[in-house]
Amino acid sequence: MIDGLADIIAGLMIIAGSTFAFLAAVGLWRLPDIYTRMHSASKTGTVGSGLLLLALAAHVGDTSTVTRALAGVVFFLLTAPISAHLLAKVSYAVGYRLTDISVVDELKK
Amino acid sequence: MSSEFLNFSVQFALVLLSAAFLLTVLKVIKGPTLPDRILALDMLVATAIGFIAVIGLKTGYTLYVDVAIALGLVGFLATVAFARFILARGQTEEGREKKRLEESQKQSETEKPSVEPDTNSKVVEKPSKKPVTAKKTASQKVAKTPRTRSRKTPKKPETKS
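These numbers were taken from a predicted model, which means no experiment stands behind them. Each chain has its residues counted from 1, running along the sequence as written. Going through the entries in the order they are written, you letter the chains from A and number the ligands from 1. Thresholds applied to this predicted model are a pLDDT of at least 70 for local features of residues and 80 or more for the giving and counting of side-chain atom pairs; totals over whole chains, interfaces and linings are not thresholded and use all residues.

Student: Give me the lowdown on the nonpolar core, citing residues and values where you can.
Tutor: Definition of nonpolar core: a set of buried Ala, Val, Leu, Ile, Met, Phe, Trp, Tyr and Cys residues joined via C-beta atoms within 7 Å. The exposure label follows from counting other C-beta atoms within 10 Å of a residue's C-beta, where the C-beta atoms are placed from the backbone and the thresholds are 20 or more for buried and 12 or fewer for exposed, leaving partly exposed in between. The biggest cluster of nonpolar side chains holds 59 residues, and the ones touching the most others in it are L53, L54, A55 and L56 of chain A together with M43, A53 and V54 of chain B. Here a strand is any run of E in DSSP of at least two residues, a helix any run of H or I of at least four, and the numbering for each starts at the N terminus. If you list the elements that add at least two residues to this core, you get α1 (2-30), α2 (34-60) and α3 (63-94) of chain A together with α1 (2-30), α2 (34-59) and α3 (64-89) of chain B. The biggest single contributor to this core is α2 of chain A, with 14 residues. Ignoring sequence-local partners within four residues, the contact set of V54 of chain B consists of I14 and L52 of chain A together with V10, A13, L14 and L17 of chain B. Placing C-beta atoms from the backbone, we regard two residues as in contact once those atoms come within 7 Å.

Have a look at this one:
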């Protein structure tokens, strides 16, 4: 019974995570701007792969695997915003423009 | 029943992750600018980590979780290095034009009260040029204003390229 519950939880997490990853990839195409694309890819993509790793941890239940999966999730959650912030800052500094329909540009001097 | 559901969800996830992977690769190929491609590469690493998790769940090869962690590290470092590369590559054409426009605006703003800052800068420079007479400084003043301007204009592409 408990095994079945873990299976169902893992299955739901897998479905949610892969949906998030797919939506991140769709957002890369649908959004008009490097900055909005970054918002899609870094946030949604991180949640997607994090959910998939957590599903692996929930399914296997082995202590070493759970620890490694959780370490991977924490590492990914730590590094993804840093790299996205760095990329956005650099591309703004170099002069890639915001899209025309963007409402406000807080960094404008 | 529950394992059937898990099997179905694994198949579903593999299909969706494959689609995401394909879309991201196409974005790497097509992406109009360099940051788009770098972002798509970052996204590719995330999708690959998801793949590793799903495959590990399906087959039981949990050893690949270590590979996923290492892949995340490499992807992060690659993104940081690419960001530094964008910075080192310099301004885009649009950014160059924008900055030129801003600087010309700034110059036209500063040129209106240009008499006062010029005399101020002369006072600062005077101690270094002690033997120079007042007449020479006056002639230099006339000659210097175009010289600084002409020095500034070729300097612009130097700093930005």
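Alright, that's what it looks like, and here's the rest.
Student: Requested: an account of α3 of chain A, with residues and values cited.
Tutor: Its 32 residues give α3 of chain A an end-to-end C-alpha distance of 46 Å, which sits within 8% of 46 Å, the value for a rise of 1.5 Å per residue. Two residues or fewer after α3 of chain A comes G95 of chain A, characterised by a positive phi angle close to 115°. By this rule the span expected of a helix is its residue count minus one, scaled by 1.5 Å.

Student: Provide a residue-level description of the packing of α2 of chain A against α2 of chain B, including the pertinent values.
Tutor: Packing of α2 of chain A against α2 of chain B brings their axes to within 9 Å, and their N-to-C directions diverge by 15°. Taken together, the axes of α2 of chain A and α2 of chain B lie roughly parallel to each other. Every pair of crossing elements has a handedness; the one defined by α2 of chain A and α2 of chain B is left-handed. A class-by-class count of the residues in the contact of α2 of chain A with α2 of chain B yields 15 nonpolar, 7 polar and 3 charged. Only the stretch in contact is used when a helix axis is fitted, and all axes are lines through C-alpha atoms; the angle between N-to-C directions ranges over 0 to 180 degrees. Comment on the angle field: the value is read as roughly parallel under 35 degrees, roughly antiparallel over 145, roughly perpendicular from 65 to 115, and oblique elsewhere. Left-handed describes a crossing whose near helix is turned anticlockwise from the far helix by less than a right angle; the clockwise case is right-handed. Following the grouping adopted for this structure description, the nonpolar residues are Ala, Val, Leu, Ile, Met, Phe, Trp, Tyr, Cys and Pro, the charged ones are Asp, Glu, Lys and Arg, and the polar ones are all others, Gly among them.

Student: Lay out the UniProt feature "transmembrane region" (unreviewed entry) in chain B in plain terms, naming residues and giving numbers.
Tutor: Residue and element names in this part refer to chain B. UniProt feature "transmembrane region" (unreviewed entry): in the numbering of this structure it lies at residues 6-26, 38-57 and 63-87. Secondary structure across residues 38-57 comprises 100% helix and 0% strand; the distance between its end C-alpha atoms is 29 Å. Annotated as residues 63-87, this span is 96% helix and 0% strand, and its ends, taken at the C-alpha atoms, are 38 Å apart. UniProt positions are given in the numbering used here, feature names are shortened, and annotations may be inferred rather than shown by experiment.

Student: I'd like a rundown of the confidence of the model for chain B, residues and numbers included.
Tutor: A low pLDDT means the predicted coordinates there should not be read in detail. Residues and elements named next belong to chain B. pLDDT is a residue-level measure of predictor confidence that goes from 0 to 100. Averaged over chain B, the pLDDT score is 75; the fraction of residues at 70 or greater is 68%. Taken as a whole, residues 114-161 scores under 50 in pLDDT and shows 8 contacts with residues more than four places along the chain or in a different chain. Listed scores for the predicted complex are pTM 0.74 and ipTM 0.90.

Student: How would you summarise α3 of chain B if you had to cite specific residues and measurements?
Tutor: Spanning 26 residues, α3 of chain B covers 36 Å between terminal C-alpha atoms, matching the ideal 38 Å at 1.5 Å per step. Within the span of α3 of chain B, buried status applies to V65, A68, I69, G72, G75, F76, T79, F82, A83 and I86 of chain B. Residues of α3 of chain B that are buried sit in contact with α2 and α3 of chain A together with α2 of chain B. Residue G90 of chain B follows α3 of chain B closely and has a positive phi angle near 100°.

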